[in-house]
Amino acid sequence: MTKGMVMNKTLEDDFTYHWGLATCTLEDDERVIANEQLEKILQSDLFGDAIEEDQK
């Protein structure tokens with residue numbers, strides 16, 4: 001991966017990547033629950049401000 005590619009990552013992309021690493025050892029139902037939690041987090045106000053800043 002080149003440095004330019006890393007710089008273009010958004011907070012949401014970075015969080016999703018690390019969430020995937022943290023949950024990769026979960027099995028079936030646990031992974032489904034983790035993915036549902038991820039979607040809720042990404043849609044929360046936590047990322048609302050960060051997404052707006054990334055678009056500037």
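Because the structure is a prediction, the values reported are computed rather than measured.

A.B. asks: It is not clear to me how the packing of aromatic side chains should be interpreted in this structure. Could you clarify?
C.D. replies: Aromatic ring pairs are reported here in terms of the distance separating the ring centres and the angle at which the planes meet. By the definition in use, this model includes 1 aromatic pair. A centroid spacing of 5.8 Å and a plane angle of 35° characterise the contact between F15 and W19, whose relative ring orientation is tilted. Residue F15 and its partner W19 are located together in helix 2 (residues 11-23), separated by 4 residues, close to a single helical turn. F15 gets classed as partly exposed once you look at its relative accessible area, which sits at 27%.

A.B. asks: Teacher, can you tell me more about the nonpolar core here?
C.D. replies: A general trend in soluble globular proteins is that nonpolar side chains are found buried together. Ranked by size, the top nonpolar core spans 5 residues in total: W19, A34, L38, L42 and F47. It is helix 3 (residues 28-43) that provides the largest number of residues to this core, a total of 3 residues. In contact with L38, other than residues within four places in its own chain, are F15, T16 and W19.

A.B. asks: Got a minute to help me understand the environment of E39 in this structure?
C.D. replies: Residue placement: E39 occurs in helix 3. A C-alpha to C-alpha distance of 9.5 Å links E39 and T16, two positions 23 residues apart in sequence.

A.B. asks: Explanation requested: a negative patch on the surface in the structure shown.
C.D. replies: Taken together, the side chains of E27, D28, D29 and E30 present a region of like negative charge at the surface. Within the element layout of this structure, E27 appears in the loop between helix 2 and helix 3.

Conventions we followed
- Numbers given to residues run from 1 along each chain, matching the order in which its sequence is written.
- Only residues with pLDDT of 70 or above have their local features reported here, since the model is predicted, and side-chain atom pairs are shown and tallied only from 80 upward, although totals for entire chains, interfaces and linings are computed over all residues.
- Only hydrogens and water are set aside when side-chain values are computed; all heavy atoms of the structure are taken into account.
- In this scheme Phe, Tyr and Trp rings, the latter by its six-membered ring, pair at centre separations within 6.5 Å, and the angle between planes marks the pair as stacked below 30 degrees, edge-to-face above 60, and tilted otherwise.
- For the purposes of this entry, the term helix denotes a DSSP run of H or I that reaches at least four residues, the term strand denotes a run of E that reaches at least two, and both are numbered from the N terminus.
- Only protein chains enter the area calculation, which uses a 1.4 Å probe; residues under 20% of their type maximum are buried, those over 50% are exposed, and those in between are partly exposed.
- What we call a nonpolar core is a set of buried Ala, Val, Leu, Ile, Met, Phe, Trp, Tyr and Cys residues that are connected through their side-chain atoms within 4.5 Å.
- Whether two residues are in contact is decided by their heavy atoms: any pair within 4.5 Å suffices.
- Surface patches are drawn from residues lacking salt bridges whose relative accessible area is over 30%; two like charges belong together within 9 Å, two nonpolar side chains (Val, Leu, Ile, Met, Phe, Trp, Tyr) within 5 Å.
- Here the open area of atoms and residues is found with the Shrake-Rupley method and a 1.4 Å probe, where only the protein chains shown may cover a residue.
- Here, a salt bridge means any Lys or Arg side-chain nitrogen found within 4 Å of an Asp or Glu carboxyl oxygen.
- Positive residues here are Lys and Arg, negative ones are Asp and Glu, while His and the chain termini are left out of the count.
- For the purpose of locating charges, the reference atoms are NZ of Lys, CZ of Arg, CG of Asp and CD of Glu.

Without other data, these values stay purely geometric and don't point to any function.
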